[in-house]
Amino acid sequence: MLTLPAFEAACEAVKKVTQETRLIYSKYFSDHTGNKVYFKPENMQLTGAYKLRGAYYTIGTLTDEERQRGLITASAGNHAQGVAYAAQCYGVKAVIVMPTTTPLIKVERTKAYGAEVVLYGDVYDQACEKAYELAAKNGYTFIHPFDDLRVATGQGTIAMEVIQDLPLVDYILVPIGGGGLATGVSTLAKMLKNNIKVIGVEPSGAACMKASLENGRVTTVSPVNTIADGTAVQTPGTKIFPYIQQNLDGIITVDDEELVVAFLDMVENHKMVVENSGLLTVAALKHLDVKGKKVVSILSGGNMDVITMSSVVQNGLIARDRIFTISVLLPDKPGELVRVSQVIADKRGNVIKLDHNQFFSTNRTAAVELKITLEAFGTEHKKEIIQALEDAGYKPKQIRPNL
């Protein structure tokens, strides 16, 4: 059972290993949503995510014999680091099975905490099967990343801190993968203040909890396809599902494209790196159909590798029309390139890249193709530049940028 005394014990326990993550008020998102928006920055934890809470509390409840057998878990990265760090604190062995698609930064940091890492499967569920197999073979104690009431209790300590920081909170938005965080947060929130609404947020490409709630039973979705790797789960937890049914007030699903622009918003307006799973609650703010409420978005983690970060930034700029590419046809004669450049310069467009293809047509005197990749201030500015080119007699065609 999830009980208030257990939550209180967990709150005391996790203080030994967690950073203080006070709520951050967001003027930007408050202005854009009509609510008072606050962030719970769990991306600032030592291991880069909230998962340390559940891992440390759970390992602390084990017997010495269970710990000395060695610990094993499966994780897409954040729970892996939480278990690895907590095991290091207790001086015991940890084996972590991670999907082969796990970002390199999460793999390397898990190893850095002294854990043995096994890469297996394409998604969490396949890695979990392998972890159970190794646990049975070697006698390890299995620490489930979400379908464990002790783990959920540890994660729920976030709700206590949110309410202490913002006693009159109306809504808490929480990411959902398997459901451990949502279980702990929603259950404790309802125990402390029953009028608080707790909304779960899932990637639309891995909405297993939404399907389960609609069906009234734990449901597997397949395949899963999302850039939010930390929440790419096919089947939610069976032990925690009754608590979700009782305490969660709704589910919002978010498309990957929304996570891309949310990353850009967080970097530019809050100077924070938040991983795609942690951005679910940020992207969900515009889907919340309320006004004038105090809303807390839990930023569950910030473990994103630099290559992924670069790709997300580029795609975010493209999605916001801050970068775009056009193709125009020019006569192949001196001065045409200068003429096009002047039209763009007059509209304060910034040229990033040019591709001048003289072999576009066999009749070079008729036309050559010029692809221009530009930086603009946004959609309206992009339209102004395209209109100026049209007014100058060109017929610009917008194409997909190739950066």
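Look a little higher up for the structure.
Residue positions are counted from 1 within each chain, in the order its sequence is given. For this predicted model, a pLDDT threshold of at least 70 governs which residues receive local features, and a threshold of 80 or more governs which side-chain atom pairs are given and counted, while totals over whole chains, interfaces and linings are taken from all residues. In computing side-chain properties, one takes all heavy atoms of the structure into account and sets aside hydrogens as well as water.

(A) Local environment of the pattern of salt bridges. Salt bridges are counted wherever a side-chain nitrogen of Lys or Arg sits within 4 Å of a carboxyl oxygen of Asp or Glu. For the structure shown, the criterion picks out 21 salt bridges. Taking the shortest distance from any N to any O, the salt bridge between E12 and K15 comes out at 3.2 Å. Between K93 and E116 there is a salt bridge, with the nearest N and O atoms lying 3.9 Å from each other. Of the two residues, K93 sits in the loop between α5 (78-90) and β4 (94-98) while E116 sits in strand β5 (residues 116-119), which places them 23 residues apart along the sequence. Within the structure, one salt-bridge network assembled from shared partners comprises K40, E42, R53 and E161. A run of DSSP states H or I qualifies as a helix once it reaches four residues; a run of E qualifies as a strand once it reaches two. Both are numbered from the N-terminal end.

(B) Region of interest: the packing of aromatic side chains. Aromatic pairs are defined between Phe, Tyr and Trp rings, using the six-membered ring for Trp, whenever the two ring centres lie within 6.5 Å; interplanar angles under 30 degrees are classed as stacked, those over 60 as edge-to-face, and all others as tilted. For the coordinates displayed, the defined rule picks out seven aromatic pairs. For the ring pair Y124 and F146, a centre distance of 5.5 Å and an interplane angle of 55° mean the geometry is tilted. Here F146 lies in the loop between β6 (141-142) and α8 (149-155) and Y124 lies in helix α7 (residues 124-138), a separation of 22 residues in the sequence. There is no split in this pair, since Y124 and F146 are both buried. Counting every residue linked through ring pairs, the aromatic cluster contains Y28, F29 and F39. The ring of Y120 has K130 lying over it, and the distance from NZ or CZ to the ring centre is 5.2 Å. Think of it in three bands: with a 1.4 Å probe and only protein chains considered, a residue is buried below 20% of the maximum accessible area for its type, exposed above 50%, and partly exposed in between. Should the NZ of a Lys or the CZ of an Arg lie within 6 Å of a ring centre and within 35 degrees of the ring normal, that charge is described as sitting over the ring.

(C) Structural detail: the packing of helix α3 (residues 52-61) against α5. All axes are obtained by fitting lines to C-alpha atoms, using only the stretch in contact for helices, and the reported angles, taken between N-to-C directions, cover 0 to 180 degrees. Contact geometry of α3 with α5 gives a least axis separation of 8 Å together with a crossing angle of 40°. In this view, α3 runs oblique relative to α5, as classed from their interaxial angle. Of the two elements, α3 crosses α5, and the hand of that crossing is right-handed. Across the interface between the two elements, L52, A55, Y56, I59 and G60 of α3 pack against H79, G82, V83, Y85, A86, A87, C89 and Y90 of α5. For the contact of α3 with α5, a count of residues per class yields ten nonpolar, three polar and no charged. Just so you know how the angles are binned, under 35 degrees is roughly parallel, over 145 roughly antiparallel, 65 to 115 roughly perpendicular, and the rest oblique. Helix crossings get a hand from a simple test, with the near helix turned counterclockwise from the far one by less than a right angle marking a left-handed crossing and a clockwise turn marking a right-handed one. Between two residues, a contact is recorded if the distance between any of their heavy atoms is within 4.5 Å. Put simply, Ala, Val, Leu, Ile, Met, Phe, Trp, Tyr, Cys and Pro go in the nonpolar bin, Asp, Glu, Lys and Arg in the charged bin, and everything else, Gly too, in the polar bin.

(D) Just the environment of T141, in detail. Structurally, the position occupied by T141 is in strand β6. The spatial distance from the C-alpha of T141 to the C-alpha of S212 is 28 Å, given a sequence separation of 71 residues. Aside from chain neighbours lying at most four places away, what touches T141 is L62, E66, R69, G70, L71 and I72. In protein, a polar contact means a hydrogen-donor-capable atom and an acceptor-capable atom, both N or O and within 3.5 Å, with residues adjacent in sequence counting only if both atoms are side-chain atoms; elsewhere, any N or O pair within 3.5 Å suffices. Polar side-chain contacts of T141 include one of 2.7 Å to the backbone oxygen of E66. Side chain to side chain, T141 and R69 meet in a polar contact 3.1 Å long.

(E) Quick peek at the side chain of T102. Examined against the element boundaries, T102 turns out to sit in the loop between β4 and α6 (104-112). A residue is classified by how much of its surface remains accessible, and T102, at 11% relative accessible area, is buried. Once residues lying within four places of it in the same chain are set aside, the contact partners of T102 are S75, A76, G77 and V107.

(F) Main features of empty space enclosed by the protein. Cavity and pocket criteria rest on a 1 Å grid covering protein atoms alone: a 1.4 Å probe that fits but cannot get out defines a cavity, protein on both sides within 12 Å along at least 5 of 7 lines defines an open pocket, and an atom within 4 Å of a point defines a lining residue. Grid points are joined across faces, edges and corners, and a volume is the space filled by probe spheres set on the points. If you walk through the whole model with that rule in mind, you get one cavity of 30 Å³ or more. Here the largest cavity defines a volume of roughly 310 Å³. Counting only elements with at least two residues in the lining of the largest cavity, the list comes to α5 and α10 (180-192). Of all the elements, α10 adds the most residues to the lining of the largest cavity, at three residues. Of the residues belonging to the lining of the largest cavity, the class tally is eleven nonpolar, 13 polar and four charged.

(G) Molecular detail of the side chain of T157. Mapped onto the secondary structure, T157 falls in helix α9 (residues 157-165). Judged by its relative accessible area of 0%, T157 is buried. Setting aside residues no more than four positions away along its own chain, T157 makes contact with F7, A10, C11, V14 and R53.

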